[in-house]
Protein chains: 2
Amino acid sequence: MKYCFGVDVGGTTVKMGLFQEDGMLKEKWEIVTRKENGGENILPDIAESIKEKLEETGISKEAVIGIGMGIPAPIKEDGIVKNTANLGWGYKEVKKELEELTGFTVATGNDANVAALGEMWQGGGKGHKNMVMVTLGTGVGGGIIMEGKCLVGGHGAGGEIGHLCVNYEETDCCGCGKQGCLEQYASATGIARLAKQRLAKDDKPSILRKKADNTAKDVFDAVKAGDEVADEIAVEFGNYLGHALANIAVVCDPTVFVIGGGVSKAGEILFKYIEKAYMEKAFFANKDIQFRLATLGNDAGICGAAKLVL
Amino acid sequence: MKYCFGVDVGGTTVKMGLFQEDGMLKEKWEIVTRKENGGENILPDIAESIKEKLEETGISKEAVIGIGMGIPAPIKEDGIVKNTANLGWGYKEVKKELEELTGFTVATGNDANVAALGEMWQGGGKGHKNMVMVTLGTGVGGGIIMEGKCLVGGHGAGGEIGHLCVNYEETDCCGCGKQGCLEQYASATGIARLAKQRLAKDDKPSILRKKADNTAKDVFDAVKAGDEVADEIAVEFGNYLGHALANIAVVCDPTVFVIGGGVSKAGEILFKYIEKAYMEKAFFANKDIQFRLATLGNDAGICGAAKLVL
């Protein structure tokens, strides 16, 4: 039996997994991301943790295929990062440095793309080769898999679908500095914002009026309880997201959309809104499509990272 | 020296090219597309024409690497067409049939994607690996190249960017049945439509008022002559197209846009309008980009087809 490591580098912890070559996750653990001093300890800590795991499990170096790694920054196949918002790294030859530290082959990718690859391999996108993953969290992230491989793009910024413009009339700014980004309507914060705007519009009764600030979870709980105002908010969310997905589909033509992130905990009810809006605006060639929930949660990153080397 | 054939199947003629393996186009010619009887003669005619060309040039069968072919329909790597609007074919195993007829390896692709591949290889996109080609003709076509390969998509419909929705307020229908498609504003017909609408709005003097119906060429000729109304029409065209390209860029992150088709004959002046609008709406990671004109004209198709097998 051969093995590989899947590593998902985050701003707080580094998630690590030891996988069998058949894709079975054998063990998973986490180490702290030491960001101080320009993040100089991050790669040596990862190398050390892998070395310890090999000693602990008695797996020989010869049985290791390599290390796959997801990084929270644009990164191309050369494994070079130019800058990171969360790790302290400036220019860094990530792939080369970890290969020198460990002696193993290293493959790298952007964390969102790598998580998408994980979901395609073992999660919500299983059975598909052309997939768009949408992560509805604090922001809206994305990862695109075409013919089984991450769509990296020319600057390592492929699949940044949170910054698709969906409303040219918007005056409020997105975190990126533009106006009308999908993230402003379909993220957890975006849904909370839509709720606030809707409630301010009139006095229609709603259980959402009990609180000054409702979360995305509050909105979808109210939808499930039959609240009409919450339903209107969900329709607006679904229109922005569904129409955005229709535009994404004419570009890259997936066969499945996988929805993950905190907002996706609302479950299948999301599809009622997203899929309806999608079908209204989708090009005929893109209508043969499935909508699925992500299933791997926090393991998507290590799983996709492992897939990079398998 | 080895050789290959590039074949571009169109509704009226089949364009054919004999290429050296170094990419040099040695000869090009055309045959008629015989669409009658469900297009049953098209592939045998191509096979016959290739056989004749080999006899004529004295090139041996052993020196032929293969045949690449662009088809005006969604087609995936399996080389199977499900339906065609222009050739009379229904379900057809194009790759397999032409391989049996010729004895050579055949690779197939959608004509727009294949033309984009040609432009990347020898035309406006030379030096780039991640490119979006936009063809502004009667309609708006597109082809996306990522890491040097066509983005085919799950249904062979990748890069159908003419049907990106750019105006959710539109009430007129696009040929596809949707409203607000890019094609309604940025194709030759779309620009003529924008001109008509603008001229009907008020009485501002313009050289465009001499005719009842202006073409896209009339509009850009008037722009070059300093006509203010024509400039306003070009700004509107540029906004729709530039904003659409910004949305395409967050999905697939190219490093170059190549603009081709009849409208592109207006020349570099197009970029004044398209690039300005693009930069206004582009995500920061997508701003390092070039805009170029297509250079291969009608040879893009045979050229990209040859590249499929080289």
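It should be noted that the structure appears before, not after, this text.
Not measured: the values here are computed from a predicted model. (Residues numbered from 1 in each chain as written. Chains lettered and ligands numbered in written order. Predicted model: local features only at pLDDT ≥ 70, side-chain atom pairs only at ≥ 80, totals over all residues. Heavy atoms only, no water.)

K.L.:
When you look at the overall build of chain A in this model, what are you seeing that I'm missing?
P.N.:
When its secondary structure is counted, chain A shows ten helices and twelve strands. For 310 residues, the compact-globule estimate of 2.2 N^0.38 gives 19 Å, and chain A sits close to it at 21 Å. On the principal axes, the C-alpha backbone points of chain A span a range of 65 × 45 × 35 Å. Put simply, of all contacts in chain A between residues at least 6 apart along the chain, 60% involve residues at least 24 apart. Per element, the accessible surface of chain A, about 12700 Å² overall, is 49% carbon and sulfur. (Helix = DSSP H or I, 4+ residues; strand = E, 2+ residues; numbered from the N terminus. Rg over C-alpha atoms; globule rule 2.2 N^0.38 Å. Contact = heavy atoms within 4.5 Å. Areas by Shrake-Rupley, 256 points an atom, 1.4 Å probe, with all protein chains shown as cover.)

K.L.:
In this structure, what is going on with the sheet that holds strand β9 (residues 140-146) of chain A? I would like to understand it.
P.N.:
Each strand in a sheet pairs with another by means of backbone hydrogen bonds, the pair being arranged parallel or else antiparallel. Residue and element names in this part refer to chain A. A sheet is described by the order of its strands in space; here five strands give the open sequence β10-β9-β8-β11-β12, paired in mixed fashion. Taken across any chain shown, the strands that pair with only one partner, and hence form the sheet edges, are β10 (149-150) and β12 (290-293). Of the pairings in the sheet, the one linking strand β11 (residues 256-260) to β12 comprises four bridges and is parallel in character. Within β12, the position partnered with Val258 by the bridge is Arg292. Packing of helix α8 (residues 228-252) onto the sheet brings it into contact with β8 (131-136), β9, β11 and β12, and relative to β8 it is tilted by some 150 degrees. Those strands touched by helix α9 (residues 269-281) are β11 and β12, and its axis lies near 155 degrees from that of β12. (Pairing = 2+ DSSP bridges. Axes fitted to C-alpha atoms, helices over the stretch in contact; angles between N-to-C directions.)

K.L.:
Would you explain helix α6 (residues 188-201) of chain B in this entry?
P.N.:
Structurally, the α-helix is built with 3.6 residues per turn, so residues lying three or four positions apart point the same way. All names here are of chain B. With 14 residues, α6 should cover 20 Å at 1.5 Å per step; its first-to-last C-alpha distance of 20 Å lies within 8% of that length. For α6, every residue scored as buried is listed here: Gly190, Ile191, Arg193, Leu194, Ala195, Arg198 and Leu199. Among the structural elements, α5 (183-186), α7 (216-224) and α8 (228-252) are those in contact with the buried residues of α6. (Expected span 1.5 Å × (residues − 1). Buried < 20%, exposed > 50% of the residue type's maximum accessible area, 1.4 Å probe, protein only.)

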